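Single-letter residue listing:
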Amino acid sequence: MRDTVLLVVFATLCLFSWSDASAIERVIAVGWDEPSPARLKRDISDFELKTSFTGFVVKPTRLLNGNKEVFAYNVFESGKWQWQDFQTAFNHLKAIQSPTLSQSYLLVSANPGNLDWFDDVAWVDVTNHWRFLARLAKKSGLKGFFLDIEPYYPPAKQFCYLCQEKSAIVEFDVYKKKVRQRASKIMKAVIEEFPDVEIFSTRLLSDLVQAPEHDALLENYLINHEYGLVPSFMDGWIDVLKKTDNDVILIDGNEALSYVSNSEQDFRGSYTLLKVKAPLLLDEDNRSYFSKIFHVSHGIYLDAYLNDASNYWFINRKDSSLASRVVANMFSAIRSSDGLIWVYGEKGLWWQSYTYGNYKKWSDRIPNISEAMRYLVKKEVDKNNYLKSRNLVKDAWGLWKRSSSDQGVFVSEKKGLLLSRVSDGCISQGIPLLSDILVSVGVGVVFEEANKSYPYVSVRWKNQYGEWMSPQYDVLLSLPTGKSSAQKNQIYGTVRPPSGASRLILSLCVKAKKSTEDNILYTDPAVRILNW
């Protein structure tokens, strides 16, 4: 089985992520087997042992009539809840000692979705539902909410204007104002309980970014769209957030566009589209604030890798193994996001003790997926290094300086190769490409606190004739944000050669002012093969 060669930079090195979220990398498990607090308490140790996820989604529960445990994630329903009904769920969550819990989310669903937006009594209930779940999430140490606004109880669709019973007699603008009002009260309640909540939605505005920008055309588009009232809901949230002291983050999981994405170009394209177009769906007064707190994620839909080509939800594996294709797209997704992706599927299970009919575990459905994800999340790789020289002996590397007048020197030392007072130069080594493999690159970097130079790694390509390929395929990797001390740091990433490449050229580079402090020591370079 042939595997695909992959080029991905982790979110800390992401050249395309524009927000502070790119300083971390998170991969969240989502699926039909999401645990209740009780099952989470029982199974979390096994989950953490057998998977590499940094977080997960948990389904909240409450006690009905004081003794029957029921799920409590459908917040868009009438009926009164009591905080004391969540005490058992809270006790389970509070008893869990795990750092993974702090990067995980409580499920909240916009269902059953049949509420009249003009029913004042019902929306007092809904607001309290949000309040209690925000309190549960905050007190339990969770990251926030995982919000699913997709309608699952047809014909009810909470955010569809034409699906509302009164849409024939109540104009769209009137509905928009009422939705905005309801959303404001909900957000006010949420931040009173959880002022730094992350609200991570499978789809927030991503279904609407194809909307026309002309006001009249946009309104008609929203009137006829099943999520056409969501922008008004977002306006209601922003109305409150921009006037209060909070650290709320809103994350769009980009389900509609990312589920069938199969290249870094796909993920980057939808990231850009969302960043540019999503704010335009809100009122002009809210766009700037919304943009500041709006992050983009991507969803990896595992079923699409198992479906046949006749299914709309189909990912072409490009002659690679299942695990390679999945993790290749995970790499591309996290590079092209604000540091967070989610993995969902309906044909397998992540939680090992959970049973659902004849469903198999994902580790059985996609062989080697756990091993492949360990590299994605934990940076675990095999120990084979395919560079000719691992200790940076000079004759194994080509030396280059942009200017012949550059007085900087390359000094081979026991610990590595020192680039001293080099204003613009690098050391390079070429590696023949073994077709259809995954490749990671990395190198240690040591420099003094006073250093003002800029160390970086360049990856370029040559074709079978020894000619340089287009600069558009070049990849530049730099240090993670904030690395500036004399401690040993790492520059790392993974690479996917473009079509036609037959040789990878790895260059360890520096740009520096000419001073005695500008010394960069590169150590332990590695090019490794990842076979999944």
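Definitions and cut-offs
Residues numbered from 1 in each chain as written. Predicted model: local features only at pLDDT ≥ 70, side-chain atom pairs only at ≥ 80, totals over all residues. Heavy atoms only, no water. 1 Å grid on protein atoms, 1.4 Å probe; cavity = no way out; pocket = protein on both sides within 12 Å on 5 of 7 lines; lining within 4 Å. Points joined across faces, edges and corners; volume = space filled by probe spheres on them. Helix = DSSP H or I, 4+ residues; strand = E, 2+ residues; numbered from the N terminus. Phe/Tyr/Trp six-rings, centres within 6.5 Å; stacked < 30°, edge-to-face > 60°. Lys NZ or Arg CZ within 6 Å of the ring centre and 35° of its normal. Expected span 1.5 Å × (residues − 1). Contact = heavy atoms within 4.5 Å. Pairing = 2+ DSSP bridges. Axes fitted to C-alpha atoms, helices over the stretch in contact; angles between N-to-C directions. Parallel < 35°, antiparallel > 145°, perpendicular 65-115°, else oblique. Nonpolar A, V, L, I, M, F, W, Y, C, P; charged D, E, K, R; others polar.

A. Local environment of the layout of surface pockets. Within this model, the second largest pocket holds a volume of roughly 500 Å³. If you go around the second largest pocket, you meet 23 residues; those closest to its centre are Trp32, Asp148, Tyr152, Tyr344 and Glu346. The dominant element in the lining of the second largest pocket, judged by the number of residues it contributes, is strand β6 (residues 105–112), at three residues.

B. Structural view of the packing of aromatic side chains. Evaluated as defined, the whole model comprises 39 aromatic pairs. Ring geometry for Tyr161 against Tyr175: centres 5.4 Å apart, planes inclined by 75°, an arrangement best described as edge-to-face. You can see Tyr161 sitting in the loop between β7 (144–148) and α4 (172–193) and its partner Tyr175 sitting in helix α4, a full 14 residues away along the chain. Ring-pair connections join several aromatic residues into one group, and the members of that group are Tyr105, Phe146, Phe200, Tyr259, Tyr301, Tyr312, Trp313, Trp342 and Tyr344. In this structure, Arg135 packs its charged tip against the face of Trp83, placed 5.0 Å from the ring centre. In this arrangement the basic side chain of Arg460 is found over the ring face of Trp468, its NZ or CZ atom lying 4.0 Å from the centre.

C. Summary view of helix α1 (residues 37–50). The end-to-end C-alpha separation of α1 is 19 Å, in line with the 20 Å expected for 14 residues at 1.5 Å each. As for α1, its buried residues are in contact with β1 (26–29), β2 (55–58), β3 (61–64) and α2 (87–94).

D. Highlighting the sheet that holds strand β19 (residues 475–478). With respect to topology, five strands assemble into an open sheet ordered β13-β16-β21-β18-β19, the strand pairing being antiparallel. With partners counted over all chains shown, the strands left at the sheet margins are β13 (398–401) and β19, one partner each. Each strand axis lies, on average, 25° off the axis of its neighbour in the sheet, ignoring direction. Of the pairings in the sheet, the one linking strand β16 (residues 424–432) to strand β21 (residues 501–511) comprises nine bridges and is antiparallel in character. If you follow Gly425 over to β21, its bridge partner there is Val510.

E. Here's a closer look at the packing of helix α6 (residues 230–241) against helix α9 (residues 284–293). Viewed as axis vectors pointing N to C, α6 and α9 meet at an angle of 85°, and their least axial separation amounts to 10 Å. Our classification of the angle between α6 and α9 gives roughly perpendicular. Touching Asp235, Ile238, Asp239 and Leu241 of α6 are Asn286, Tyr289, Phe290 and Ile293, all from α9. By residue class, the composition of the contact of α6 with α9 is five nonpolar, one polar and two charged.

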